Amino acid sequence: AHQKGIIHRDIKPTNVMVGSFGEVQVVDWGFAKVIDAPAKPRPVSVDDDPPVHTVRSGSTQQASQVGSAMGTPAYMPPEQAYGDGEHTDERSDVFSLGATLCEILTGEPPYRKADGIQLVLAAQLKTARALERLAACGADPQLIDLTRRCLSPHEERPRDAGAVAEAVSAYLTSVEERARKAQLRAAAEEVKAKEERKRRKLTGALAAAVFLIVVGGGGTYALLRQNELERTQENTLGVTRDLREATRLEAQAASTGVLADWEQAALAARHAADRATVEEIDAGVRGEAQDVL
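Note that the coordinates shown come from a computational prediction; the quantities given were computed from them, not determined experimentally.

Notes on the side chain of Arg 9
Tracing the backbone shows Arg 9 in the loop between strand 1 (6–7) and strand 2 (16–18). The buried charged residue Arg 9 lacks any salt bridge, with Asp 93 as its nearest oppositely charged partner at 7.1 Å. A polar contact is formed between the side chain of Arg 9 and the backbone oxygen of Phe 31, at a distance of 2.7 Å.

Structure, rendered in structure tokens:
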């Protein structure tokens, strides 16, 4: 509308409708005005709609009167509140857009009935309390800054609704970019967490393996040592039996004097000595075997 040189003069939440499919419409153009010089005129082409006219266009009798306020005081810019038709232009609608955004962010319009007569507050641009509420609302700084600029004095506001739309579009782009970066950070942190969990599992597995090697190795050594002792005892008992048998045969040969008995006794003694030399046995028994031989 601003590109066609039309101002609404009554922008407020109840005049902005959102349809079932997300389409947005601005309604109630009863206070609309066609101005002579749009803030951002478009090149005219044969496909453009014809110029817009109202019942007040070109008629001095139907024109808005200087000093008459039109619109809703809670959302009204000061030039509109004291009826300055000469300075009521696209920036006036921009103020009302900022007032609507103020209510979205804080839950209340810039001028509240509790703060005094709204039309007087609007005419004097008493926005201090609204700005305090904005600063404490917790919204993104970009939105708060845009709202503050829209609620500024006339020349400090964005030039028209197109400039506001560009600011909102830039804000939404930054939100999407932050969300994308947050997703990337979350994904990177998840990968890092998985690697950390994997590293901890590997460390735990290595620690368990070392523990098993140490404990298991000690157990294996103990088992081998036990087996060695058992073999030594068994071998010692065997050599002891052989020595006893050799001693018996020696005594028998001595009593009979038969050469064959002496040969059998000598053979038994040799067998015991050989076992004592080759096999692990008690040192005392080994010495006894050597004595017998």
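Now that the structure has been shown, the text picks up again.
Concerning helix 4 (residues 128–135)
Count 3.6 residues to each turn of an α-helix, and residues three or four apart come out pointing the same way. Looking only at helix 4, the buried set comprises Ala 130, Arg 133 and Leu 134. For helix 4, the angular spread of buried residues about the axis comes to 100°, placing them on one side. Residues of helix 4 that are exposed and angled more than 90 degrees away from the buried face: Ala 128, Glu 132 and Ala 135.

Concerning helix 2 (residues 90–106)
With 17 residues, helix 2 ought to run about 24 Å at 1.5 Å a step, and its terminal C-alpha atoms sit 24 Å apart, in line with that. For helix 2, the tally of buried residues reaches 13 of 17 residues, placing the bulk of the element in the interior. For helix 2, the side-chain oxygen to backbone nitrogen distance between the N-cap and Arg 91 is 3.0 Å, and the N-cap itself is Asp 89. Following helix 2 by one or two positions, Gly 107 adopts a phi angle in the positive range, close to 90°.

Focus: a nonpolar patch on the surface
A cluster of nonpolar side chains, namely Val 16, Val 18, Val 24, Val 26 and Trp 29, defines an oily patch on the protein surface of about 430 Å² accessible area. Among the secondary structure elements, those contributing two or more residues to the nonpolar patch are strand 2 and strand 3 (24–26). When you line up the elements, Trp 29 lands in the loop between strand 3 and strand 4 (33–34). Trp 29 gets classed as partly exposed once you look at its relative accessible area, which sits at 39%.

Observations concerning the nonpolar core
By size, the foremost hydrophobic cluster in this structure holds 22 residues, and its most contacted members are Leu 134 and Leu 151. Of all the secondary structure elements, the ones that give two or more residues to this core are helix 2, helix 3 (118–123), helix 4, helix 5 (141–150) and helix 6 (161–256). If one sorts the elements of this core by residue count, helix 2 sits on top with six residues. Ignoring any residue separated from it by four or fewer positions in sequence, one finds Leu 134 in contact with Cys 102, Leu 105, Thr 106, Ile 144, Thr 147, Arg 148 and Leu 151.

Describing the environment of Trp 262
By the element assignment, Trp 262 lies in helix 7 (residues 259–278). Considering only alpha carbons, one finds Trp 262 and Gln 252, ten residues apart in sequence, at a separation of 8.3 Å. Residues contacting Trp 262, with those up to four places away along its chain left out, are Glu 250, Ala 253, Ala 254 and Gly 257.

A word on the pattern of salt bridges
What the rule picks out here adds up to 15 salt bridges. Two residues, Arg 149 and Asp 145, come together in a salt bridge whose shortest N-O distance is 3.3 Å. Of the two residues, Arg 149 and Asp 145 are both situated in helix 5; the distance of four residues between them amounts to about one turn of the helix. In this structure, Lys 198 and Glu 195 form a salt bridge, with 4.0 Å as the shortest nitrogen-oxygen distance.

A short note on the packing of helix 2 against helix 4
For the pair helix 2 and helix 4, the least separation of the axes is 9 Å and the interaxial angle reads 45°. Comparing the axis directions of helix 2 and helix 4 gives the class oblique. The chirality of how helix 2 crosses helix 4 is left-handed. Mapping the contact onto sequence places Cys 102, Leu 105 and Thr 106 in helix 2 and Ala 130, Arg 133 and Leu 134 in helix 4. Grouping the amino acids of the contact of helix 2 with helix 4 by side-chain chemistry returns four nonpolar, one polar and one charged.

Quick look at the confidence of the model for the protein chain
Should pLDDT be low for a region, the predicted coordinates there are not to be read in detail. For the protein chain, mean pLDDT is 82; residues scoring 70 or higher make up 79% of the total. Mean pLDDT in the protein chain bottoms out at helix 8 (residues 283–292), which sits at 63, and peaks at helix 2, which reaches 97.

Concerning the side chain of His 8
Secondary-structure assignment places His 8 in the loop between strand 1 and strand 2. A distance of 2.9 Å separates a polar side-chain atom of His 8 from the backbone oxygen of Val 27. Non-local contacts of His 8, meaning those with residues more than four positions away in its chain, are made with Asn 15, Val 26, Val 27, Asp 28, Trp 29, Phe 31, Ala 32 and Asp 93.

Here's the deal with the packing of helix 2 against helix 5
In a pair of packed helices, the angle between the axes and the distance between the axes together describe the arrangement. Here helix 2 crosses helix 5 at 140°, and the two axes come no closer than 8 Å. The orientation of helix 2 relative to helix 5 falls into the category oblique. Regarding helix 2 and helix 5, the two cross each other, and that crossing is left-handed. On helix 5, the residues touching Val 94, Phe 95, Gly 98, Leu 101, Cys 102 and Leu 105 of helix 2 are Leu 143, Ile 144, Leu 146, Thr 147 and Cys 150. Of the residues belonging to the contact of helix 2 with helix 5, the class tally is nine nonpolar, two polar and no charged.

Reading the values: rules and limits
- Residues numbered from 1 in each chain as written.
- Predicted model: local features only at pLDDT ≥ 70, side-chain atom pairs only at ≥ 80, totals over all residues.
- Heavy atoms only, no water.
- Helix = DSSP H or I, 4+ residues; strand = E, 2+ residues; numbered from the N terminus.
- Buried < 20%, exposed > 50% of the residue type's maximum accessible area, 1.4 Å probe, protein only.
- Lys, Arg positive; Asp, Glu negative; His and termini not counted.
- Salt bridge = Lys/Arg side-chain N within 4 Å of Asp/Glu carboxyl O.
- Polar contact = N/O pair within 3.5 Å; in protein donor to acceptor, adjacent residues only side chain to side chain.
- Arc of directions from axis to C-beta.
- Expected span 1.5 Å × (residues − 1).
- Patch = residues over 30% accessible without salt bridge, like charges linked within 9 Å, V, L, I, M, F, W, Y side chains within 5 Å.
- Areas by Shrake-Rupley, 256 points an atom, 1.4 Å probe, with all protein chains shown as cover.
- Core = buried A, V, L, I, M, F, W, Y, C linked by side-chain atoms within 4.5 Å.
- Contact = heavy atoms within 4.5 Å.
- Axes fitted to C-alpha atoms, helices over the stretch in contact; angles between N-to-C directions.
- Parallel < 35°, antiparallel > 145°, perpendicular 65-115°, else oblique.
- Left-handed = near helix turned anticlockwise from the far one by under 90°.
- Nonpolar A, V, L, I, M, F, W, Y, C, P; charged D, E, K, R; others polar.
- pLDDT = per-residue confidence, 0-100.

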